[in-house]
Amino acid sequence: MATVQQSPNRAQALEAYYQELRQFSTAPLWTVLKSLLTPTPQPRAVPFIWRWRELRPYVYRAGELIGTEEAERRVVMLCNPGLDGAAAVTNTLYAGLQLILPGEIARTHRHTAAAIRFIVEGHGAYTAVDGERTLMNPGDLVLTPNWTWHDHGNESAEPMVWLDGLDLPLVNAIDAMFFEEYPQTVQPVTKALDDSRRKYAQGTLLPAYERHLGHYSPLLNYTWERTHAALIELAAHDTGSPYDGVVLEYVNPRTGGPVLPTMACYAQLLPPGFEGQARRRSISAIFHVVEGEGYTEVGNQRLDWQAKDTFCVPSWAPCRHVNTSSGKPAFLFSFTDAPVLQALGLYREAAE
Ligand code: 1HN
């Protein structure tokens, strides 16, 4: 039989032993095992809402204080209060509110973090990705996949604000960040305006002469016009999911899969009076309110939202949406790290 030292000095001996282990850059597993093997995910990120009414003046103040030339990107980042000021909403996802004023350019660069833009206000500024430009309007979803050259410019007469979503915390956590500046401020335009819209927005008929080989969607801009129409049309005949109402995933038309390998995007319509059921998922999600009013219960927090607010749902928090807009549907946009969890066999969900 194994013998364990039981003398009154055992505690002291253990402490001394731990101390000695340290000098060899080692440590005992048994003192931390329970904090490593938690029965369920224990995210440090907390449920939180960033209210547009509060943030809007600060986003525009940045426009008086700094230019895009100096800033590279003029963004007010959303920092989760549970993550000690890190540039992160959750351990995998980043979000920020970016402002570009009339006449400004945000110069061309590329990086291995992938990005999405969801337009909050303004009309007609452009994003260019690998030679193609699109003009952006409120509710449009614009993709900037991993390692694609991208720049923004505002040739319209109004400021534009959009929500940036990136997989930046994930890419940095796995030490996979690369970044490069393009030799010119503005990359050459080599394709027709919205070239990919004509080729790929009609997802059931795709150009047979062009094989898009990237592991991301070839469609640059998923316009709100189409997304909104699709939701309205579907909601007229279908109540959707008890958790999410009428929810659509933005997909890669070549594969039917997520728009980016690390991030999935969704648009959902909560019918008038919708009171969702609660569910947990092993993913983190960032929601942006397009239209309407309501609240989302995340764990024991009630996040009351209205148009242009942004909120987060950390992994495994029970989440339940309620639409309180009187007699009207509410529209939510969201993006998540679901493709990562799916690819690694880590995705789980459970009804509450
Ligand atoms: C970036 O490249 C953009 O291109 C926005 O607009 C926000 C945040 C972190 C790293 C790169 C952009 C970003 C970013």
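For the structure, see preceding data.
Residues numbered from 1 in each chain as written. Predicted model: local features only at pLDDT ≥ 70, side-chain atom pairs only at ≥ 80, totals over all residues. Heavy atoms only, no water.

Moving on: a nonpolar patch on the surface. A contiguous nonpolar patch, built from Leu29, Val32, Leu33, Leu36 and Leu37 and spanning about 460 Å² of accessible area, is present on the exposed surface. Turning to its location among the elements, Leu29 is positioned in the loop between helix H1 (10-22) and helix H2 (33-36). A relative accessible area of 46% means that Leu29 is categorised as partly exposed. (Patch = residues over 30% accessible without salt bridge, like charges linked within 9 Å, V, L, I, M, F, W, Y side chains within 5 Å. Areas by Shrake-Rupley, 256 points an atom, 1.4 Å probe, with all protein chains shown as cover. Salt bridge = Lys/Arg side-chain N within 4 Å of Asp/Glu carboxyl O. Helix = DSSP H or I, 4+ residues; strand = E, 2+ residues; numbered from the N terminus. Buried < 20%, exposed > 50% of the residue type's maximum accessible area, 1.4 Å probe, protein only.)

Attention now goes to the state of the cysteines. Applying the stated criterion across every chain, the model contains 0 disulfides. No disulfide involves Cys265; its nearest neighbouring cysteine sulfur is the one of Cys312, lying 16 Å away. Here Cys312 stays unpaired: no disulfide links it, and the sulfur of Cys319, its closest cysteine neighbor, is 11 Å away. (Disulfide = S-S within 2.5 Å.)

Despite not being glycine, Glu72 has its phi angle at roughly 70°, a positive value. Following the sequence through the fold, Glu72 ends up in the loop between helix H4 (68-71) and strand E2 (75-78).

Spatial strand order, E2-E3-E10-E5-E8-E12: 6 strands in an open sheet with antiparallel pairing. A strand with exactly one partner marks an edge of an open sheet, and here the two such strands are E2 and strand E12 (221-222). As paired elements, strand E5 (residues 115-121) and strand E10 (residues 160-166) share 6 bridges and run antiparallel to each other. What sits directly across from Ile119, in E10, is Trp162. Where helix H3 (residues 52-65) meets the sheet, its contacts fall on E2, strand E3 (94-100), E5 and E10, and the angle it forms with E3 comes to roughly 55°. (Pairing = 2+ DSSP bridges. Contact = heavy atoms within 4.5 Å. Axes fitted to C-alpha atoms, helices over the stretch in contact; angles between N-to-C directions.)

Moving on: the site of the ligand. Around the ligand sit Arg73, Tyr94, Gln98, His109, His111, Arg117, His150, His152, Asp164, Leu166 and Leu168, and those are all the residues in its vicinity. In the model, an oxygen atom of the ligand is placed 2.6 Å from a nitrogen or oxygen of the His152 side chain. Considering the ligand on its own, with 330 Å² of exposed area, one finds that the protein chains cover 86% of that surface. Of all the elements in the fold, those that place two or more residues in the shell around the ligand are E3, strand E4 (105-111), strand E9 (150-153) and E10. (Near = heavy atom within 4 Å. Polar contact = N/O pair within 3.5 Å; in protein donor to acceptor, adjacent residues only side chain to side chain.)

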